[in-house]
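Each chain, written out:
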Amino acid sequence: MWIYERKLEYPLRVSGPDPRMASCILTQYGGPQGELGAALRYLNMRYSMPTSRAKGILTDIGSEELGHMEMIATLVYKLTEGVSAQDMKAAGLDAMYADHRHALFWQNGDGVPWVAAYISATGDPVADLTENMAAEQKARAIYENLITLTDDPCVKDGLRWLREREVVHFQRFGEALMYVEDHLTQKQVYPVS
Amino acid sequence: MDTFSETFSETSLAFAPQSEEGRLLQQINENQFAAVELQLYLDTHPEDLGAIAMYNQCHADLIRCLRDYESRCGPLLSYGLSASPCHGWGWLDGPWPWETNFS
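Participant: Is there a simple way to think about the overall build of chain B in this case?
Facilitator: Within chain B, the secondary structure is distributed over three helices and zero strands. Taken from N to C terminus, the helices and strands of chain B fall in the order α-α-α. In chain B, which comprises 103 residues, the share counted as buried stands at 35%. A fraction of 42% describes how many contacts in chain B between residues 6 or more apart in sequence connect residues 24 or more apart. Carbon and sulfur atoms make up 56% of the accessible area of chain B, which totals about 6,300 Å².

Participant: How do you make sense of the packing of aromatic side chains when you look at a structure like this?
Facilitator: Geometry of an aromatic ring pair is reported as the spacing of the ring centres plus the angle between the planes. A complete count under the given rule lists eight aromatic pairs over all chains for this structure. Here the aromatic rings of Trp 114 of chain A and Tyr 118 of chain A are separated by 6.2 Å at their centres, their planes lie at 85 degrees, and the arrangement is edge-to-face. Relative accessible area serves as the criterion here: at 21%, Tyr 118 of chain A is assigned to the partly exposed category. Joined through ring pairs, the aromatic side chains of Tyr 4 of chain A together with Trp 91, Trp 96 and Trp 98 of chain B make up one cluster. In this structure, Arg 6 of chain A is placed above the aromatic ring of Trp 91 of chain B, and the distance from its NZ or CZ to the ring centre is 5.8 Å. One cation-aromatic arrangement involves Arg 53 of chain A over Tyr 179 of chain A; the distance from NZ or CZ to the ring centre is 3.9 Å.

Participant: What should I look at first to understand the nonpolar core in this one?
Facilitator: Buried together is how nonpolar side chains tend to be arranged in soluble globular proteins. Residue and element names in this part refer to chain A. Counting residues in each nonpolar core, the largest one holds 31 residues, and the members touching the most others are Ile 25, Met 71 and Leu 159. Those elements that provide at least two residues to this core are α1 (19–25), α4 (52–80), α7 (125–149) and α8 (153–186). With sequence-adjacent residues up to four places away left out, Ile 25 is seen in contact with Ile 72, Leu 75, Val 76, Leu 79, Leu 146 and Val 155.

Participant: What is the right way to read helix α3 (residues 49–73) of chain B from this model?
Facilitator: Along an α-helix, a turn takes 3.6 residues, which lines up residues three or four apart on a common side. All names here are of chain B. Compared with the 36 Å implied by 1.5 Å per residue over 25 residues, the 35 Å span of α3 between its first and last C-alpha is a close match. Considered for burial, the residues of α3 that qualify are Ala 51, Cys 58, Asp 61, Leu 62, Cys 65, Leu 66, Tyr 69 and Glu 70. Structurally, the start of α3 carries an N-cap: the backbone nitrogen of Gly 50 is 3.2 Å from a side-chain oxygen of Asp 48. Directly beyond the C-terminal end of α3, a positive phi value near 105 degrees is found at Gly 74.

Participant: Looking at this model, I keep getting lost on the environment of Leu 81 of chain B. Mind explaining?
Facilitator: Along the chain, Leu 81 of chain B turns up in the segment after α3. For the pair Leu 81 of chain B and Asp 68 of chain B, spaced 13 residues apart in the sequence, the C-alpha separation amounts to 14 Å. With residues up to four places along the chain from it excluded, the contact list for Leu 81 of chain B reads Ile 3 of chain A together with Arg 67 of chain B.

Participant: What is the right way to read the pattern of salt bridges from this model?
Facilitator: Where charged atoms from two side chains of opposite charge approach closely, those side chains can pair. Residue and element names in this part refer to chain A. Evaluation of the coordinates by the stated rule reveals 11 salt bridges over all chains. Glu 144 is paired through a salt bridge with Arg 140; the nearest N and O atoms lie 2.9 Å apart. Here Glu 144 and its partner Arg 140 are both found in helix α7, four residues apart, which amounts to about one turn of the helix. Taking the relative accessible area as the measure of exposure, Glu 144 reaches 11% and is therefore buried. Look at Arg 140 and you get partly exposed, because its relative accessible area is 22%. Taken together, the shared-partner salt bridges connect Arg 140, Glu 144, Arg 163 and Glu 164 into one network.

Participant: Would you mind going over α4 of chain A with me for this structure?
Facilitator: All names here are of chain A. Compared with an ideal rise of 1.5 Å per residue, which puts 29 residues at 42 Å, α4 spans 42 Å between its outermost C-alpha atoms and is within 8% of the ideal. α4 sits mainly inside the fold: 22 of its 29 residues count as buried. Downstream of α4 by one or two residues, Gly 82 has phi in the positive range, about 75 degrees.

Rules of the game
Residues numbered from 1 in each chain as written. Chains lettered and ligands numbered in written order. Predicted model: local features only at pLDDT ≥ 70, side-chain atom pairs only at ≥ 80, totals over all residues. Heavy atoms only, no water. Helix = DSSP H or I, 4+ residues; strand = E, 2+ residues; numbered from the N terminus. Buried < 20%, exposed > 50% of the residue type's maximum accessible area, 1.4 Å probe, protein only. Contact = heavy atoms within 4.5 Å. Areas by Shrake-Rupley, 256 points an atom, 1.4 Å probe, with all protein chains shown as cover. Phe/Tyr/Trp six-rings, centres within 6.5 Å; stacked < 30°, edge-to-face > 60°. Lys NZ or Arg CZ within 6 Å of the ring centre and 35° of its normal. Core = buried A, V, L, I, M, F, W, Y, C linked by side-chain atoms within 4.5 Å. Expected span 1.5 Å × (residues − 1). Polar contact = N/O pair within 3.5 Å; in protein donor to acceptor, adjacent residues only side chain to side chain. Salt bridge = Lys/Arg side-chain N within 4 Å of Asp/Glu carboxyl O.

Written out as structure tokens, the structure reads:
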């Protein structure tokens, strides 16, 4: 069960429309390292985790990622709000406008749609938690690329905040992995025939 | 401050909300952020009693801020966790999160 909270996790503003930057940020909505993939990756892994700590951290970080997905959607929405078809075209977004007008879609800035193959679930808790740590680092790198691409201090502020969350999540997944490895070592059974 | 910090980790814009609604929302955001951080920390450090005490304090402060906000601005939580004003379905009133301009 999830409860919707009618607010963003962190307030977002933009200085003005910037459709080109919106299309860059869209990768964190429906791109390979995006927040949709993160939320689905973590929430889906809960069912094959051996410890309550791992189930807890996946539940809570997965839920937080849903909130980050909403923040990314908000940035894209605000950066394209009221932008005319001509201005979208001038920013190189005419093909995107043709398919979606001002609607958001699960794709990156090049129009590559989100696919489930972006996420992984091997059923091996060590492999899966290690995958999550890599995912957080990749998302951090994407946020740094995006921060480099914009001069808007308001957009930078929101992206910096999201980047920081990737750092914290990486840390927590690392701790969860350590406890899972301890757990698996302790439970090892040597059958005697 | 090194270049990395200046580029990626500079502290957030010193943004002081002007409206009462904005001020109340900021209090909620601050308490909830602390609660989220403590929750993730406690998931991997469940034996830290000091952090549990801090979490419970955040919870109490957050609920108080939330109800202050709701009494003035309308319901914030879905599925029965917030009451609606009696005279109208308050869930639909006011801008949605992606439409809010924080001022």
